[in-house]
Amino acid sequence: MKKIVIIGASGHGKVIADIALRCGYDEVAFLDDNPTIKTVGEYEVLGASDLARELASEGYDFVVGIGNAGIRERIQNRLLDVGCNVVTLVHPSATVAYDVTVGRGTVVMAGAVIESGTVIGHGCIINTSASVGSDNEIDDYTHISVGSTLGNKVCVESKSWVGIGAKVSDEVKICSGAVIGAGTNVTEDIIEDGIYVGAPAKRIK
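Residues numbered from 1 in each chain as written. Predicted model: local features only at pLDDT ≥ 70, side-chain atom pairs only at ≥ 80, totals over all residues. Heavy atoms only, no water.

1. Considerations on the UniProt feature "binding site: substrate" (unreviewed entry) in the chain
To keep things clear, this is the line we draw: UniProt positions are given in the numbering used here, feature names are shortened, and annotations may be inferred rather than shown by experiment. Helix and strand assignments come from DSSP, with helices taken as H or I runs of at least 4 residues and strands as E runs of at least 2, each series counted from the N terminus. Using a 1.4 Å probe on the protein chains alone, a residue whose accessible area is under 20% of its type maximum counts as buried, one over 50% counts as exposed, and one in between counts as partly exposed. For this analysis, residues touch if any pair of their heavy atoms sits within 4.5 Å.
Here, UniProt's "binding site: substrate" (unreviewed entry) annotation points to Ser10, Gly11, His12, Asp32, Asp33 and Gly67. Assignment of secondary structure puts Ser10 in the loop between strand E1 (3-7) and helix H1 (11-22). We classify Ser10 as partly exposed; its relative accessible area is 29%. Beyond its immediate stretch of four places on either side in the chain, Ser10 contacts Val40 and Gly65. Assignment of secondary structure puts Gly11 in helix H1.

Here it is in structure tokens:
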């Protein structure tokens, strides 16, 4: 029997639970550090994240289902430090080229497309129907949101967020920690972290 624990009892976690089931897991459970959360949908919250080591000894795999990049990184590293098996999940309807590399703890959601030569780091979210062109570099703990489109040879550095429906042109580099707002059109390099919106993208803070 394949068993998985998702850290983070939220709507995002429920989506990951569905992917896990479609990837052949028989049992899904959650951990969350908010003691008031007992269930998420049909799934039981077994307790706080400090139960991870015990559950690992019982044969559970793990994935972090938290949107905040800094928290996701911290928890994933803690899981690895105590010997948990952090897995990568790819929805069966996603299209991932044969030579794409996808890091540990990354989740690729339904309808996403990742083209040839792209490297996806650890702990990333490639969300529903996102399109990632060829020879991209998506660094650790980055979130490529629902319906966003990245051209070819794009570099998105660690812990960045590309918002819903955003578009990034070929050969553009987005620096670490940048937030690209929904519907934003990025045509030039983003070299300073902050929030960017508009067409073309402009930094607002």
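There's plenty left to go through after this.
2. Notes on the domain arrangement of the chain
As a reminder of what qualifies: The split into domains, and so the bounds of each, comes from an automatic or database assignment of domains. Here the buried area means the combined drop in accessible surface, using a 1.4 Å probe, for two parts upon being joined, counting both sides. For this analysis, a salt bridge means a side-chain nitrogen from Lys or Arg found within 4 Å of a carboxyl oxygen belonging to Asp or Glu. Here a polar contact means two N or O atoms within 3.5 Å. Within protein one must be a hydrogen donor candidate and the other an acceptor candidate, and residues neighboring in sequence count only if both atoms are side-chain atoms. Residues are sorted three ways: Asp, Glu, Lys and Arg are charged, Ala, Val, Leu, Ile, Met, Phe, Trp, Tyr, Cys and Pro are nonpolar, and all the rest, Gly among them, are polar.
Here the domain parsing of the chain yields domain 1 (3-87) and domain 2 (88-204). Taken together, the contacts link 22 residues of domain 1 with 18 residues of domain 2. Taking both sides of the interface into account, the surface hidden between domain 1 and domain 2 amounts to around 1,600 Å²; carbon and sulfur atoms contribute 66%. Applying the counting criterion to the domain 1 and domain 2 interface returns one salt bridge. For Lys159, the salt bridge is made with Glu73, and the minimal N-O distance between the two is 2.9 Å. Taken together, the links from domain 1 to domain 2 amount to seven residue pairs in polar contact (both at pLDDT 80 or more). Elements represented by at least two residues in the side of domain 1 that touches domain 2 include exactly H1 and helix H3 (69-81). Its residues placed into classes, the side of domain 1 that touches domain 2 shows 13 nonpolar, five polar and four charged.

3. Description of the sheet that holds strand E24 (residues 195-197)
Sheet strands line up and pair through hydrogen bonds in the backbone, either parallel or antiparallel. Quick note on the threshold: Two strands pair if DSSP finds at least two bridges between them.
Spatially, the eight strands line up as an open sheet ordered E7-E10-E13-E16-E19-E22-E24-E25, and their pairing is mixed. Across the chains shown, the open sheet's two edge strands, defined by having one partner strand only, are strand E7 (89-90) and strand E25 (202-203). Of the strand pairs in this sheet, strand E16 (residues 143-144) and strand E19 (residues 161-162) are connected by two bridges, and their pairing is parallel. The partner of Ile144 across the bridge, within E19, is Val162.

4. Section: the pairing of E1
Operational definition: Throughout, right-handed denotes a crossover for which the path from the first strand over the helix to the second runs clockwise when the strands point away from the viewer.
Along E1, five of the five residues are buried, which leaves the element largely enclosed by surrounding structure. Of the two faces of E1, the one lined by Lys3, Val5 and Ile7 and the one lined by Ile4 and Ile6 are each fully buried. As paired elements, E1 and strand E5 (residues 60-64) share five bridges and run parallel to each other. By the bridge assignment, Ile7 is partnered in E5 with Val64. Traced from E1 through H1 to strand E2 (residues 27-31), the parallel crossover comes out right-handed.

5. So, the UniProt feature "binding site: acetyl-CoA" (unreviewed entry) in the chain
Here, the residues flagged by UniProt with the feature "binding site: acetyl-CoA" (unreviewed entry) are His143 and Ile164. In three dimensions, the annotated residues from a span of 22 residues occupy one location, with a maximal C-alpha spread of 10.2 Å. For His143, the position within the fold is in strand E16. Residue classification places His143 among the buried residues on the basis of a relative accessible area of 7%. Here His143 is in contact with Ile125, Asn127, Ser160, Trp161 and Val162, once residues within four sequence places are set aside. Mapping Ile164 onto the fold places it in the loop between E19 and strand E20 (167-168).

6. Focus on the pattern of salt bridges
Using the criterion set out here, one finds four salt bridges in the structure. A salt bridge links Lys173 to Glu157; the shortest N-O distance between them is 3.2 Å. Residue Lys173 is found in strand E21 (residues 173-174), and its partner Glu157 is found in the loop between strand E18 (155-156) and E19; the two are separated by 16 residues along the sequence. In this structure, the salt-bridge partner of Arg203 is Glu192, at a minimum N-O distance of 3.7 Å. Remark: Glu192 occurs in the loop between strand E23 (185-186) and E24 and Arg203 occurs in strand E25; sequence separation between them is 11 residues.

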